[in-house]
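Listed here are the chains, written in short residue letters.
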Amino acid sequence: MNQVIHSLGGITIEAGGAVLAHAAGYEVKSGRAMTAVRPYGSTEPLIFLPGTVTHILQLEQIKWEQPADFYTMSNFSVKITRNGQTVQYTGCEWTAVEEATRRPLIWQRATLTARTRTETATEAGTGAG
C-alpha cells in the first residue's frame, strides 16, 4: 500500500494539464556552469561568463493518481506550492528512480532534471501553501 505523508505544501507531477502524482517531499539543487575568460598568458580570469542553468529535483514518497510510469515519461512538469508561492519546473526528464520498502510503506524516490524554473505568487485562498 502506498502511503503519503503530506508536506507543508503541494507537490504534484503533471503532464498534459493533468495531475498524475503527488509527492510528500522534495529536494532541489540548481547549478550554473561558468566559463572563465583569461587574457592570453594570464592565470587569473578577467571575467566569468554565466552558462547553462540546470535544476536537479529529488521527489520522495510518490503516490500516483493516474496510471503512469517514470520509465516512459518525458517532458513533464513538477509544481511545488509552498509559503504563498508556486514554483514550476518544466521540461522534466527522469534520471533515476528508486523503490524500497520501509514497512508498511513502499517508498519511491525519483531524481529528475528540469529545463526551466518559474516562480509565481499564489493568490490568497488558493493553493496548498
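To be clear, the structure that these remarks concern was listed above.
Quick look at the structure, then. (Residues numbered from 1 in each chain as written. Predicted model: local features only at pLDDT ≥ 70, side-chain atom pairs only at ≥ 80, totals over all residues. Heavy atoms only, no water.)

## As for the side chain of Ser77
Move 1: Position of Ser77 relative to the elements: it lies in strand E4 (residues 76-82).
Move 2: Accessibility expressed as a relative area gives 15% for Ser77, which makes it buried.
Move 3: If we skip the residues at most four places from it in the chain, Ser77 touches Thr12, Ile13, Glu14, Gln88, Tyr89, Thr90 and Cys92. (Helix = DSSP H or I, 4+ residues; strand = E, 2+ residues; numbered from the N terminus. Buried < 20%, exposed > 50% of the residue type's maximum accessible area, 1.4 Å probe, protein only. Contact = heavy atoms within 4.5 Å.)

## Things to note about the nonpolar core
Move 1: One finds Ile13, Phe70 and Val78 to be the most contacted residues of the largest nonpolar core, which totals 20 residues.
Move 2: Elements with a minimum of two residues in this core: strand E1 (10-15), strand E2 (18-37), strand E3 (47-64), E4, strand E5 (85-102) and strand E6 (105-114).
Move 3: It is E5 that contributes the most residues to this core, 4 residues altogether.
Move 4: Other than its neighbours up to four places away in sequence, Ile13 contacts Ala18, Val19, Leu20, Ala21, Leu59, Ile62, Phe70, Met73, Phe76, Ser77 and Val78. (Core = buried A, V, L, I, M, F, W, Y, C linked by side-chain atoms within 4.5 Å.)

## Brief notes about the pairing of E2
Move 1: Relative to E2, E1 is paired through 4 bridges, and the arrangement is antiparallel. Within E2, the position partnered with Thr12 by the bridge is His22.
Move 2: Counting the residues in the hairpin turn of E1 and E2 gives 2 residues, including Gly16, whose phi is positive at 60 degrees.
Move 3: By the bridge criterion, 15 bridges tie E2 to E3 in an arrangement that is antiparallel. Looking at the pairing, Met34 lines up with Pro50 of E3. (Pairing = 2+ DSSP bridges.)

## Some points on the environment of Gly91
Move 1: Here Gly91 lies in strand E5.
Move 2: Considered as a pair, Gly91 and Ser74 are 17 residues apart in the sequence and their alpha carbons are 7.8 Å apart.
Move 3: In contact with Gly91, other than residues within four places in its own chain, are Asn75, Phe76, Thr113, Ala114 and Arg115.

## Regarding the pattern of salt bridges
Move 1: Taken as a whole, this structure holds 4 salt bridges when the rule is applied.
Move 2: Salt-bridge contacts for Glu14 lead to Lys79; the nearest nitrogen and oxygen are separated by 3.7 Å. One end of the pair, Glu14, is in strand E1; the other, Lys79, is in strand E4, and 65 residues separate them in sequence.
Move 3: Where Glu119 meets Arg117, a salt bridge forms, and the shortest distance between an N and an O atom there is 2.8 Å.
Move 4: Among the residues examined, Arg117 registers a relative accessible area of 34% and is labelled partly exposed. (Salt bridge = Lys/Arg side-chain N within 4 Å of Asp/Glu carboxyl O.)

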